[in-house]
Amino acid sequence: MIFRKKKKINPRRQQVRDNIATARFTQLATVINSPFPKAAGILIVFILATTLILGLDIRPETIHQNALRSLKAWPQLLSLLVIVSAISAGMSLYLYYYQYRVLEKTTRVIALVTLFWILLAITCVFSFEKQWKPLAVGPAVACAIILTIAYDQRFAIGMVMFYTMLAAFAVDQIASVELLMIMVAGALSCCFSLREIRTRKKLIEVSLVATIVVFLTATALGIVQDKSPNVYFLHAGVAAAATFVVGIFIQAFLPIIEQAFGIATSMTLMDYSDANQPLLRKLAMDAPGTFSHSLLIGSIAEAAAESIGANGLLCRVGAYYHDIGKIHKPAYFVENQMGSVSRHDQLSPAMSQLVIAGHVKDGIEIAKEFGLPAVLRQFIETHHGTTLMEYFYHEAKKKQDEKKSPVSDSEFRYPGPKPRSKEAAIVMLADAAESACRSLADHTPAKVETLVHQLAMKRLQDGQFDECDLTLRELSRIEAGLSKSLAAHHHGRIAYPKDEEKTDPNGNGNGNTAKKTENNRQKNVGGDLAT
């Protein structure tokens, strides 16, 4: 028996092989833990279920005999499977490139898939009778409105194009170009005319625009095909009526749509901005300094957000609620101390750090208790990110014992997370800038601008903006907006003359007052003296 001697491997080569194996295992673990396996599973289920829905034989004679238990022939089902797979692959790629955050949360994918199934099923019902087919425009319009509300116009336009392709097969084996164009016209008119919902009549206005577009498109296509006026006016009227009714239904079910997609429309945000909201009233009563501070941040954050095209209303309302965690222990925060001795004087820096950092956790608990939407809760947990509590950190370093290990800055950082949206990053910077600006003795625009820039650069270098899509150009515009708003808020006032200055002892009346007032005007340095 011959034993082969094991070939000796160079240690460096063996190390390279081990590193490659480790890297492959890490990549595999990353893929498994990513949202892609769940999304792939949902995609397969969507393809099969959609093929089943579109594969129903919805011819009137078949429905009367077998109800909905009859499917099309297997060659047709196989062809539908291929077509649905291609359309679904296109939707998946569109989601990946233009709305990746949908894939990161399984509930959002399920909500989107369920929406498509419900609308396709309704479209199939409208296809039972020939005269009902123009009603299929309604689900297409509903899809456009809901996706525009839940996400944005570009995403809604792309997804509604994929939906209309599927809806064309739900209407019939091969829907007419006429019906497809009417659905596209109605859906696109909704996407382009609906940007945000700030008033209760907005959806009615959008539906009215889409109704006019659908009626004109259906009428023009009927004339092109040389149909009888009675026929194409009837079809156009039915399609237009379905379009208008959809807007009314979505208006009624808007709260359910918001809950399903985890969003808050501008109309909902306007409701939460009302000072009579129970949570804001509680903040104003228990922590009046924090309430005033939040109102000011909301104002300057909204202006900064609008300078880069972000959602200014969301910034303002989010700023109103970002510090609600201070309700539990308001006296430990400087804006609520009203000139009294700071309670932190009797606490160690480590204990003060726990109290200050605790207002973030307390804020999340209070927000859930009052049913605050998730889109507003993000401002509570991210308005400090993972920044360092510099004052208490330096105090701890001063008091540390030489025998003990040195103080780590990680012990004095907020728990995070970091801002994940532009609006959250703006509120973080506005909060820091407004607080720091109060410590300035000179509130001239140049001083305020320098302070805001230093704070922005410090957070940028600290990695606080790593998880939001904020560019350097946008950051520069945000700095300019915050500086302008803060300088305007801390504007100068002319000091009023005292009582003894009003009368001249020589009997000259107010002759001296004009001189002193002019001197005060020239010596004014921009301090905010209360009238």
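Reading the values: the criteria
Residues numbered from 1 in each chain as written. Predicted model: local features only at pLDDT ≥ 70, side-chain atom pairs only at ≥ 80, totals over all residues. Heavy atoms only, no water. pLDDT = per-residue confidence, 0-100. Helix = DSSP H or I, 4+ residues; strand = E, 2+ residues; numbered from the N terminus. Contact = heavy atoms within 4.5 Å. 1 Å grid on protein atoms, 1.4 Å probe; cavity = no way out; pocket = protein on both sides within 12 Å on 5 of 7 lines; lining within 4 Å. Points joined across faces, edges and corners; volume = space filled by probe spheres on them. Buried < 20%, exposed > 50% of the residue type's maximum accessible area, 1.4 Å probe, protein only. Phe/Tyr/Trp six-rings, centres within 6.5 Å; stacked < 30°, edge-to-face > 60°. Arc of directions from axis to C-beta. Core = buried A, V, L, I, M, F, W, Y, C linked by side-chain atoms within 4.5 Å. Patch = residues over 30% accessible without salt bridge, like charges linked within 9 Å, V, L, I, M, F, W, Y side chains within 5 Å. Areas by Shrake-Rupley, 256 points an atom, 1.4 Å probe, with all protein chains shown as cover. Salt bridge = Lys/Arg side-chain N within 4 Å of Asp/Glu carboxyl O.

Trainee: What should I look at first to understand the confidence of the model for the chain in this one?
Mentor: Segments scoring low in pLDDT should not have their predicted coordinates read at a detailed level. With 82% of its residues at a pLDDT of 70 or more, the chain shows a mean pLDDT of 82. Of all the helices and strands in the chain, helix α23 (residues 511-523) carries the lowest mean pLDDT, 44, while helix α16 (residues 312-321) carries the highest, 94. Every residue in residues 509-531 is under pLDDT 50, and counting partners more than four places away or in other chains gives 28 contacts.

Trainee: Hey, could you run me through the layout of surface pockets in this one?
Mentor: Think of a ball as big as a water molecule: rolled over the atoms, this probe shows where empty space is left. Its boundaries defined by the atoms lining it, the second largest pocket holds a volume of some 1,100 Å³. In terms of lining, the second largest pocket is formed by 33 residues, of which the most central are H384, M389, Y391, Y414 and S435. Looking at the lining of the second largest pocket, the element that brings in the most residues is helix α20 (residues 422-437), giving six residues.

Trainee: I'm lost on the environment of V341 in this one. Help?
Mentor: Within the element layout of this structure, V341 appears in the loop between α16 and α17 (349-369). Residue V341 is classed as exposed on the basis of its relative accessible area of 64%. The spacing of V341 and A331 is 10 residues in sequence and 9.8 Å in space, taken between C-alpha atoms.

Trainee: Just to check I follow, could you spell out the packing of aromatic side chains for this structure?
Mentor: Within a pair of aromatic rings, the relevant descriptors are the distance that separates the centres and the angle that separates the planes. Here the structure, examined in full by the defined rule, presents 16 aromatic pairs. Between Y94 and F162, the aromatic rings sit 6.2 Å apart at their centres with planes inclined by 65 degrees, giving edge-to-face as the arrangement. A residue pair is termed long-range when its members are at least 10 positions apart, and Y94 in helix α4 (residues 74-98) and F162 in helix α8 (residues 153-171) qualify at 68 residues. No difference in accessibility class separates Y94 from F162, as the two residues are buried. Put simply, the rings of Y94, Y98, Y151, F155, F162 and F261 touch in pairs and so form one group of aromatic residues.

Trainee: Whenever I open this one, helix α19 (residues 390-399) confuses me. Can you help?
Mentor: Helical periodicity: at 3.6 residues per turn, an α-helix aligns residues three or four positions apart in one direction. F392, Y393, E395 and A396 are the residues of α19 that are buried. Each buried residue of α19 sits inside an arc of 165 degrees when the element is viewed along its axis, so together they form one side. The outward face of α19, more than 90 degrees from its buried face, is lined by the exposed residues Y391 and K398. Among the structural elements, α17 are those in contact with the buried residues of α19.

Trainee: Sorry if this is basic, but what is going on with the environment of G222 here?
Mentor: Take G222: it is sitting in helix α10 (residues 202-224). Through-space distance from the C-alpha of G222 to that of F233 is 8.1 Å; in sequence the pair is 11 residues apart. Those residues in contact with G222 that sit more than four places away from it in its chain are E178, K227 and Y232.

Trainee: Could you clarify how one ought to interpret the nonpolar core in this entry?
Mentor: The tendency in soluble globular proteins is for nonpolar side chains to be buried side by side. Residues F116, L147, I149, M159, L166, I250 and F261 are the most contacted members of the largest nonpolar core, which totals 70 residues. Residues in contact with L147, not counting those within four places in the same chain, are L112, L115, F116, D152, F155, A156 and M159. Listed in part, the 56 residues of the second largest apolar core include Y321, I426, V427 and V448.

Trainee: In this structure, what is going on with unusual backbone geometry? I would like to understand it.
Mentor: With the exception of glycine, most residues fall at negative phi, and the peptide bonds are largely trans. Geometrically, the link from G416 to P417 is a cis peptide bond, its omega value of 5 degrees lying close to zero. With respect to the element layout, P417 can be found in the loop between α19 and α20.

Trainee: Please clarify how a nonpolar patch on the surface should be interpreted in this entry.
Mentor: On the surface, a cluster of nonpolar side chains totalling about 560 Å² of accessible area is made up of F36, L93, Y96, Y97 and Y98. For the nonpolar patch, the leading source of residues is α4, giving four residues. Positionally, Y97 belongs in helix α4.

Trainee: Help me understand the pattern of salt bridges, please; the structure alone is not making it clear to me.
Mentor: If charged atoms from side chains of opposite charge come close, those side chains can pair. According to the stated counting rule, one finds 13 salt bridges in the structure shown. Measuring nitrogen to oxygen at the nearest pair gives 3.0 Å for the salt bridge that ties R420 to E381. One end of the pair, R420, is in the loop between α19 and α20; the other, E381, is in helix α18 (residues 374-382), and 39 residues separate them in sequence. A relative accessible area of 44% means that R420 is categorised as partly exposed. For E381, a relative accessible area of 23% puts it in the partly exposed group. Between E434 and R438 there is a salt bridge whose closest N-O contact spans 2.9 Å. A relative accessible area of 0% places E434 in the buried class. Taken together, the shared-partner salt bridges in this structure form one network comprising D323, K326 and E335.

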